[in-house]
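Structural overview for review
One-letter residues, chain by chain:
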Amino acid sequence: MKGFAMLGIGKAGWIEKEDPVAGPFDAICRPLALSPCTSDIHTVFEGALGERTDMILGHEAVGEVVEIGSEVKDFKPGDRVVVPAITPDWRSLEAQAGFAQHSGGMLAGWKYSNFKDGSMAELFHVNDADMNLALLPEGMSLESAVMLTDMVTTGFHGAENANIQFGDTVVVVGIGPVGLMAVAGAKLRGAGRIFAVGSRPLCVEAAKFYGATDIINYRDGDIVEQISELMGGKGVDAVIIAGGNPEVVAQAVKMTKPGGHISNVNYHGQGETLPIPRVEWGSGMAHKNIQGGLTPGGRLRMEKLVSLVEHNRLDPSKLVTHVFNGLQYAEKALLLMKDKPKDLIKPVVLVE
Ligand code: NDP
Ligand code: ZN
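Note that the structure is predicted; figures quoted are calculated from it, not measured.

**Some points on the pairing of strand E6 (residues 80-83)**
Inspection of the sheet shows strand E5 (residues 61-68) paired to E6 by four bridges, in the antiparallel sense. Residue pairing across strands places Val 62 opposite Val 82, the latter belonging to E6. Of the strand pairs in this sheet, E6 and strand E8 (residues 134-135) are connected by two bridges, and their pairing is antiparallel. From the neighbouring strand, Val 81 faces E8, where its bridge partner is Leu 135.

Listed below in structure tokens is the structure:
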């Protein structure tokens, strides 16, 4: 089969590989809709995970089941399914402990385009299909569904780890597709004031649509000062980091009040350390919680997100600015994600 792959650090291209094989609990799918991720850019062009050779990219997919293993009970060939970016090993101690994302080792629940071939191919493999697939409901658009697999679940995880309470003031740093879903998640969890930090006008408009009450442009000056002025010098309850360089971690610590939460979902692709400012962290005693998380995956997570779209609580299709028809456009879509033109939030490749 043909797939679009990371050939090595800094290089991506089309390769031929053997078709994947399903074990007893697995499924083989063909993609119906795909989307490249900013994480693919960190992985390929920054070498953030280290060297990977001829590893097919793509971890955001809606697919059609073409084959199932002998023990798969809930899915059959022909089913249209939402395939989460994170497909944990549910028979693992890490999953029992509540951190399935790290089943088998740190970040190892993230298999596609990390430890195994991803979905930008004619066929792709799904481990533990009964626990990792969710049915695509009749009538749900492929564009909306493919946004659930990573953008929605990740942005919402940012909001979950920010521990948002009714009426909280929340800053979302970065309003690409992940940050936009963090804004939407913060609103759904009951935030009062939501500051959204970004600069591209299209993203700013989308941030307002999803629930931002204030827009901060980081190009206009230090965001800590801009937000502090609007807050009358008070700290905020929570900061969700969904973009920017390592310095945003320091900015988040400065902006957060004692006892508040700093929730990072940004993939910091470079550097040895991330900065924590000593004084603003109360010399280590400020009770400012710093949490960083890989998004949850699996079937239940996807089913719950599907429910939010089905019942009109969330419309993730607003994230999709570019739609292509044909697997061959995976390459173009990935490069768009690298270049981030002003009119882009997220591209989707439909494969029929
Ligand atoms: P984008 O590149 O589309 O968005 C990044 C945002 O950050 C933009 O709004 C950009 O502003 C803003 N930004 C850039 N520099 C700064 C700065 N110095 N200060 C403040 N804001 C800044 O990324 P995505 O939304 O696609 O992804 C966000 C991150 O989430 C990525 O690192 C990605 O790899 C990661 N990720 C993590 C996952 C997880 O499980 N934790 C899963 C999926 C993705 P502008 O408007 O100027 O472009
Ligand atoms: Zn991703």
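**Looking at the pattern of salt bridges**
This structure, assessed with the given rule, holds 11 salt bridges. Here Arg 301 ties to Glu 160 by a salt bridge, and the two come within 2.7 Å at their closest N and O atoms. A residue pair is termed long-range when its members are at least 10 positions apart, and Arg 301 in helix H9 (residues 299-310) and Glu 160 in helix H4 (residues 142-161) qualify at 141 residues. Put simply, Arg 193 and Asp 214 hold a salt bridge, and the shortest N to O gap is 2.9 Å. With Arg 193 in the loop between helix H5 (177-188) and strand E10 (194-197) and Asp 214 in strand E11 (residues 214-216), the pair connects residues that are 21 residues apart, well separated along the chain. Accessibility expressed as a relative area gives 14% for Asp 214, which makes it buried.

**Concerning the packing of aromatic side chains**
What describes a pair of aromatic rings is the distance from one ring centre to the other and the angle between the planes of the rings. Applying the stated rule across the entire model yields five aromatic pairs. Ring geometry for Trp 110 versus Tyr 267: centroids 5.9 Å apart, planes at 90°, classification edge-to-face. Remark: Tyr 267 occurs in the loop between strand E13 (256-264) and strand E14 (289-292) and Trp 110 occurs in the loop between helix H2 (93-96) and strand E7 (124-126); sequence separation between them is 157 residues. Residue classification places Tyr 267 among the buried positions, given a relative accessible area of 17%. Their ring planes at 85° and their centres at 6.0 Å tell us that Tyr 112 and Phe 124 sit as a pair that is edge-to-face. With Tyr 112 in the loop between H2 and E7 and Phe 124 in strand E7, this pair connects stretches of sequence that are 12 residues apart. According to the relative accessible area criterion, Phe 124 is buried, its value standing at 1%. If you follow Lys 2 out to its NZ or CZ, it ends over the ring of Trp 14, 5.3 Å from the centre.

**What to know about the site of ligand 1**
Of all residues adjacent to ligand 1, which total 29 residues, the nearest are Thr 38, Ser 199, Tyr 218, Asn 266 and Lys 340. One of the side-chain nitrogen or oxygen atoms of Thr 38 is found 2.5 Å away from an oxygen atom of ligand 1. One of the side-chain N or O atoms of Arg 219 is found 3.4 Å from an oxygen atom in ligand 1. Surface burial for ligand 1 is 88%, taken as the share of its 940 Å² of free accessible area covered by protein chains. It is helix H1 (residues 38-45) that contributes the most residues to the shell around ligand 1, three residues altogether. Here the shell around ligand 1 is composed, by residue class, of 12 nonpolar, 13 polar and four charged.

**Regarding the environment of Leu 350**
Tracing the backbone shows Leu 350 in strand E16 (residues 346-350). Residue classification places Leu 350 among the buried positions, given a relative accessible area of 14%. Spatially, the C-alpha atoms of Leu 350 and Val 62 are 9.4 Å apart, while their sequence positions differ by 288 residues. Leaving out residues up to four positions away in the same chain, Leu 350 has contacts with Leu 32, Ala 33, Leu 142, Glu 143, Val 323, Phe 324, Asn 325 and Gly 326.

**Re unusual backbone geometry**
The residue Asp 54 is not glycine, and still its phi comes out positive at about 50°. Tracing the sequence through the fold places Asp 54 in the loop between H1 and strand E4 (55-56). Given a relative accessible area of 32%, Asp 54 falls into the partly exposed group. Unlike most non-glycine residues, Ser 283 shows phi in positive territory, near 50°. Structurally, Ser 283 can be placed in the loop between E13 and E14.

Cut-offs applied
Residues numbered from 1 in each chain as written. Chains lettered and ligands numbered in written order. Predicted model: local features only at pLDDT ≥ 70, side-chain atom pairs only at ≥ 80, totals over all residues. Heavy atoms only, no water. Pairing = 2+ DSSP bridges. Helix = DSSP H or I, 4+ residues; strand = E, 2+ residues; numbered from the N terminus. Salt bridge = Lys/Arg side-chain N within 4 Å of Asp/Glu carboxyl O. Buried < 20%, exposed > 50% of the residue type's maximum accessible area, 1.4 Å probe, protein only. Phe/Tyr/Trp six-rings, centres within 6.5 Å; stacked < 30°, edge-to-face > 60°. Lys NZ or Arg CZ within 6 Å of the ring centre and 35° of its normal. Near = heavy atom within 4 Å. Polar contact = N/O pair within 3.5 Å; in protein donor to acceptor, adjacent residues only side chain to side chain. Areas by Shrake-Rupley, 256 points an atom, 1.4 Å probe, with all protein chains shown as cover. Nonpolar A, V, L, I, M, F, W, Y, C, P; charged D, E, K, R; others polar. Contact = heavy atoms within 4.5 Å.

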